[in-house]
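# Fold and contact review
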Amino acid sequence: MPIHAASHPSPLFDIPAGDLADALVVFARQSGRQILFAPAQVRGRRAPPVHKRIDPDRALARLLAGSGFRARSAPGGAYLLEAVPMPTRPHRPAAPMPATAPVDVAQIADIVVVGTPGGGSTRQAAAFAVTSVPRTAIDQLGAPATADVLRLVPGLTIETSGGKNGANIFVRGYPSGGDAEYVTFQTEGVPYFPPATLSFLENSQLYRIDESVQRVEAVRGGTGALLASGQPGATVNVIQREGGDRLAGLIKTSVIDDGEVRADAYLSGPIGPRTHVMVGGYVSRGDGIRSPGFAADRGGQITANLRQDLTRGSVLLFARYLDDRSQWLLPIPVKQTGRSIGAYPGFDPGTGTLAGPDTRTGTRNDGARYDLDDGRGARIVNLGGNVELRLGDTVTLRDKASWLTGDADTTGLVSDNVPPESAAAYAARMGGTIASLVTVADGRAVSPSQAVVRAGIWTVDKRIDALVNDATLEWATGPSKATVGVYATSYGSRDHWDIGNTLLLTATPQARRLDMTLAGGAVVTRDGFASGSSFLVDARYRGRDLAFYGVEEVKLGKWLRLDGGVRHQRHSVNGSARDTTAAGAGGPDGDPRTLYDNANVVFTDTRTPVRYRGGAWSWTLAANADATARFGAFARFSRGTSFPFFDNLRDGITLAPQIDTIEGGVKLTGPLSLYATLFRNTFHGLATTVIASGAPIASVGGARATGVELDGTWRVAPPLSVAFTGTWLDARYRRFFTDAGRTDLSGNRVQRQPVWQWRVTPTWDFAVARRKASLFTTLAYMGDRWSDVQNQQLLPGFLKWDAGATLDVSPRWRVQASADNLTNAIGLTEGNPRTLGQQAPGAIFARPIPGRSVNLSTSYRF
């Protein structure tokens, strides 16, 4: 390798052991030098760690030692990777070297595997919109929720104001009432729970981001309608760290100013010449920023994987156990004056919550106990594996499998549809005047002028399981690469819901339960309960999917590639749900004077079957043209289908939405890396559902969306870079009806998705006493949105400011400080879904983003 005279001090490298392709990407970022190589060249190779200040030439030589590759300088100062002869081992045939492909520019987050039918591609070569979030970006985010990582992906609208579990994720104007209906999560390229969303379960809560994660990839549209589960919205792939040829690891401790503490760690390395392992995870405990007065956020995860390199392929096995809970954060009282949102008296919008020690436990009308400390989360086991076998010079067999089982339960205190009012006004709505009003805990008298609210104890128990297998056969010869695949899965859920159970509470943080009796003898509450169950579910479901797909990619000349493919999928569901009925006059106790149980719903002894059979074709066609190695463009049409899952079928909705997408984009790499995508989606047969007035209310029809996505990094100078994302979206309903088909909402904007959103993150790298340091800050804007399909509950736009700093105290020790929402911005992500139509000015229920918090962490790497 040539030795270059250095005009500046050698950079400080911090490259962990692992996959050689990943190590080269990190090297490119930390050295500021481009590397030209094809990902297929280095697939399966390992790189040792580099943790020192060293000349880039020497650092790269260490990464490539023993890999069968060397680097030379290319015009413009880049490194060019080229293969060198590898000596064969005695008595063992050497694995054939992959054919050297035309070089691609590998820069920050360029190497991706999600959305590709084979073993991976570069971002520059991908003919679809894809974003890869590297480990450094994850560390800067300090993301408490898995879904927070997707804030770096344009085209997605992310709401994590509900806590660490239970996010809402919206994709490119795809209409949805919440959760993550059009987002499939994978680990190591295979979906771990095929239904993208069930009510009270979105898949990001089944995986927590910790130090065992290497990076996260996300594809919007594109080839997603064909591969794996056939998700036409967004497919997110979580990629784990893997062991290298040397022992490596990290120990990290974090403390948040709200009192939460967390410890992360991983350990990786070889256990044989061709066998490598990694074990990692985290544990945490704390009250959370909206403290209920008890440790509502707690849990942990442990992940392990083992890779065995074979003569002509490899086997990867992985296992994961998650046991994590956090408080389910829901709308609280705030004050609305026109477009301005302020604090309701006594309630801090950034830290307040109705849940508290007095509401933590109790007994519902049906005699069942509840505990808000159970919160929302999951306790699951996930096992899986990837096998890759090269069956010759042109044929490769790949098989990816996953098995998951466990519980994903929810217990929360859900605000009612009426904002704070005086106790006297509430009594009048109950039909009388107050004879007695006392606190449940100690029997103290409460003034009739006390502001009160109602909030329900909702419990949703889910026992879930899934078995998934995705097998592909790839045939690559000359300019052609053909892939055929079979995707098969069986999955189920055992549900028990108890919704309603409203408590009469003081309109204060960590509210207190109240008991009320009216003049004339009517008893309004029992131990604070003003009602019993309003909606019950006792159901069991089993779903099965079988899909066949084929994709062909052809290279025409030096710069043009065409690809196309088809998929056919059969979707079947069998199950049953127990029927319910009103408890009857006077409720279960037969006494009409006990108002707290007069509207109870109870189970009957009959069940209603749930059954669905359906199938659909999906297809795509695309072209990708590279004018130069740094500039290209693509265009694609795709048609996908999203089948109905358990909850819609239970409610009698059998629509299978069909989505047509036209998209095109340009890709630029260099000092300015820019990925810009224009798309247009058309939806047919969609359905959205909210639970209001104690029962699901559905809206059905169509929609159309047009948008632009920007994603890039501008490396202004060696110490300064600016990362940015932005989305413009015009998404509106078409032939869309609610209120049992009586109300046409065509022309309304799709709920919960803004016209404008963007984020800008400048980072300044410098040295303090010859130690590497960084300062970074983020400005993020969320534009106006509508909380409801009627477009009557406005969520005003807001600007959020975050910042942080890192300092390498030594080559192994690092400290980091991150501040979230520095200005305590009040940004609403949800109005009151329990209310249909506009909320009156003044006190309303809404869900704001959390207030300011500071996270301090220290890590030791070896």
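What counts and how
Residues numbered from 1 in each chain as written. Predicted model: local features only at pLDDT ≥ 70, side-chain atom pairs only at ≥ 80, totals over all residues. Heavy atoms only, no water. Helix = DSSP H or I, 4+ residues; strand = E, 2+ residues; numbered from the N terminus. Rg over C-alpha atoms; globule rule 2.2 N^0.38 Å. Buried < 20%, exposed > 50% of the residue type's maximum accessible area, 1.4 Å probe, protein only. Contact = heavy atoms within 4.5 Å. Polar contact = N/O pair within 3.5 Å; in protein donor to acceptor, adjacent residues only side chain to side chain. Phe/Tyr/Trp six-rings, centres within 6.5 Å; stacked < 30°, edge-to-face > 60°. Lys NZ or Arg CZ within 6 Å of the ring centre and 35° of its normal. Pairing = 2+ DSSP bridges. Axes fitted to C-alpha atoms, helices over the stretch in contact; angles between N-to-C directions. Core = buried A, V, L, I, M, F, W, Y, C linked by side-chain atoms within 4.5 Å. pLDDT = per-residue confidence, 0-100. Salt bridge = Lys/Arg side-chain N within 4 Å of Asp/Glu carboxyl O. Patch = residues over 30% accessible without salt bridge, like charges linked within 9 Å, V, L, I, M, F, W, Y side chains within 5 Å. Areas by Shrake-Rupley, 256 points an atom, 1.4 Å probe, with all protein chains shown as cover. Lys, Arg positive; Asp, Glu negative; His and termini not counted. Charge placed at Lys NZ, Arg CZ, Asp CG, Glu CD. Arc of directions from axis to C-beta.

## A closer look at the overall build of the protein
In terms of regular secondary structure, the protein is built from 6 helices and 55 strands. In terms of overall size, the protein behaves like a compact globule, its C-alpha atoms giving a radius of gyration of 28 Å where 862 residues would be expected to give roughly 29 Å. Taking all 862 residues of the protein together, the buried fraction comes to 57%. Put simply, of all contacts in the protein between residues at least 6 apart along the chain, 69% involve residues at least 24 apart.

## Points about the side chain of aspartate 597
Residue placement: aspartate 597 occurs in the loop between strand 39 (560-582) and strand 40 (601-626). Here threonine 594 takes part through its side chain, which lies 3.2 Å from a polar atom of the side chain of aspartate 597. Non-local contacts of aspartate 597, meaning those with residues more than four positions away in its chain, are made with Asn365, Gly586, Gly587, Pro588, Asp589 and Asp591.

## A look at the packing of aromatic side chains
The full count for this structure, using the stated rule, is 18 aromatic pairs. Following the ring pairs from residue to residue traces out a cluster consisting of Phe200, Trp328, Trp458, Trp497 and Phe535. Across the ring face of phenylalanine 294, the terminal group of arginine 360 is positioned such that the distance to the ring centre comes to 4.8 Å. Residue placement shows arginine 376 over the ring face of tryptophan 328; its charged tip is 5.3 Å from the ring centre.

## Some remarks on the sheet that holds strand 26 (residues 340-343)
Strand order in the open sheet formed by 4 strands is 26-25-54-53, and the pairing between neighbours is antiparallel. Of all the strands in the sheet, the pair left with one neighbour each is strand 26 and strand 53 (828-830). Going from strand to strand, the sheet's axes swing by 60° on average, the running direction of each strand aside. With 4 bridges connecting them, strand 25 (residues 332-337) and strand 26 associate as antiparallel partners. From the neighbouring strand, lysine 335 faces strand 26, where its bridge partner is glycine 342.

## Thoughts on the pairing of strand 29 (residues 376-390)
Regular strands place side chains that alternate from one sheet face to the opposite one. Direction of pairing for strand 24 (residues 313-326) relative to strand 29: antiparallel, over a ladder of 14 bridges. Bridge pairing links leucine 316 to asparagine 386 in strand 29. Relative to strand 30 (residues 395-407), strand 29 runs antiparallel, the two sharing 12 bridges. Within strand 30, the position partnered with glutamate 388 by the bridge is arginine 398. Where strand 29 hands over to strand 30, the hairpin turn is made up of 4 residues, of which glycine 392 adopts a positive phi near 130°.

## Some remarks on the nonpolar core
The biggest cluster of nonpolar side chains holds 75 residues, and the ones touching the most others in it are Leu150, Ile169, Val183, Phe193, Leu206 and Val216. With residues near it in sequence (within four places) discarded, valine 183 still touches Ile169, Val171, Ala196, Gln231, Ala234 and Val236. Counting 25 residues, the second largest nonpolar core, distinct from the first, contains Val334, Leu354, Leu413 and Ala507.

## Structural notes on unusual backbone geometry
With a phi angle near 50°, aspartate 527 is a residue other than glycine that sits in the positive phi range. As for its placement among the helices and strands, aspartate 527 is situated in the loop between strand 37 (514-518) and strand 38 (533-556). Classification of aspartate 527 by relative accessible area gives partly exposed; the value is 37%. In the Ramachandran plot, arginine 752 falls in the positive-phi region, its phi being about 70° despite a non-glycine side chain.

## Thoughts on the confidence of the model for the protein
With 92% of its residues at a pLDDT of 70 or more, the protein shows a mean pLDDT of 88. Averaged over each element, pLDDT in the protein is lowest for strand 8 (residues 104-106) (30) and highest for strand 36 (residues 502-506) (97). Within the model, pLDDT remains below 50 along residues 1-8, and this stretch shows 13 contacts once partners closer than five positions in the same chain are excluded.

## Some points on the pattern of salt bridges
Applying the stated criterion across every chain yields a total of 50 salt bridges. Arginine 379 is the partner of aspartate 323 in a salt bridge, and the nearest nitrogen-oxygen pair spans 3.4 Å. With a gap of 56 residues between them, aspartate 323 in strand 24 and arginine 379 in strand 29 connect regions that are remote in the sequence. Residues arginine 398 and glutamate 388 are paired through a salt bridge, measuring 3.4 Å at the closest nitrogen-oxygen approach. Residue arginine 398 is found in strand 30, and its partner glutamate 388 is found in strand 29; the two are separated by 10 residues along the sequence.

## Digging into the sheet that holds strand 11 (residues 129-133)
Pairing in this open sheet of 5 strands is mixed, and the strands run 11-18-19-14-15 from one edge to the other. Both outer strands of the open sheet, strand 11 and strand 15 (190-191), are each paired with one neighbouring strand and no more. Of the strand pairs in this sheet, strand 18 (residues 213-220) and strand 19 (residues 234-240) are connected by 7 bridges, and their pairing is antiparallel. What sits directly across from valine 219, in strand 19, is threonine 235.

## Some words on the pairing of strand 18
Along strand 18, 8 of the 8 residues are buried, which leaves the element largely enclosed by surrounding structure. In this structure, strand 11 lies alongside strand 18, joined through 5 bridges in antiparallel fashion. Bridge pairing in strand 18 places serine 132 opposite glutamate 217.

## Structural notes on the environment of asparagine 237
Along the chain, the position of asparagine 237 falls in strand 19. Exposure remark for asparagine 237: the relative accessible area of 1% places this residue in the buried category. Taking the C-alpha atoms as reference, asparagine 237 lies 21 Å from serine 618; in sequence the two are 381 residues apart. In terms of polar contacts, asparagine 237 uses its side chain to reach the backbone amide nitrogen of glutamate 188, at 3.4 Å. Of the polar contacts made by the side chain of asparagine 237, one reaches the backbone nitrogen of glycine 189; its length is 2.8 Å.

## Comments concerning a positive patch on the surface
On the surface, Arg544, Arg570, Arg611 and Arg613 cluster together into a patch of positive charge. Within the secondary structure, arginine 544 is located in strand 38. Arginine 544 gets classed as partly exposed once you look at its relative accessible area, which sits at 44%.

## What about helix 3 (residues 56-64)?
When helix 3 is considered as a whole, its buried residues turn out to be Pro56, Asp57, Ala59, Leu60, Leu63 and Leu64. An end-on view of helix 3 places all buried positions within 165° of arc, on one side of the element. Looking one or two places after helix 3, you find glycine 66, whose phi comes out positive at around 80°.

## Structural notes on the environment of proline 292
Mapped onto the secondary structure, proline 292 falls in the loop between strand 22 (275-286) and strand 23 (297-310). For proline 292, a relative accessible area of 0% corresponds to the buried category. The spatial distance from the C-alpha of proline 292 to the C-alpha of leucine 267 is 35 Å, given a sequence separation of 25 residues. Residues contacting proline 292, with those up to four places away along its chain left out, are Asp287, Gln327, Thr353, Ala355, Gly356, Pro357 and Gln510.

## Overview of the environment of glycine 224
Checked against the element boundaries, glycine 224 lands in the loop between strand 18 and strand 19. Dropping the residues within four chain positions of it, glycine 224 is found in contact with Gly230, Gln231 and Thr235.

## Overview of the side chain of threonine 184
Tracing the backbone shows threonine 184 in strand 14 (residues 183-187). Given the relative accessible area of 1%, threonine 184 is considered buried. With sequence-adjacent residues up to four places away left out, threonine 184 is seen in contact with Pro191, Ala196, Ser229, Gln231, Ala234, Thr235 and Val236.

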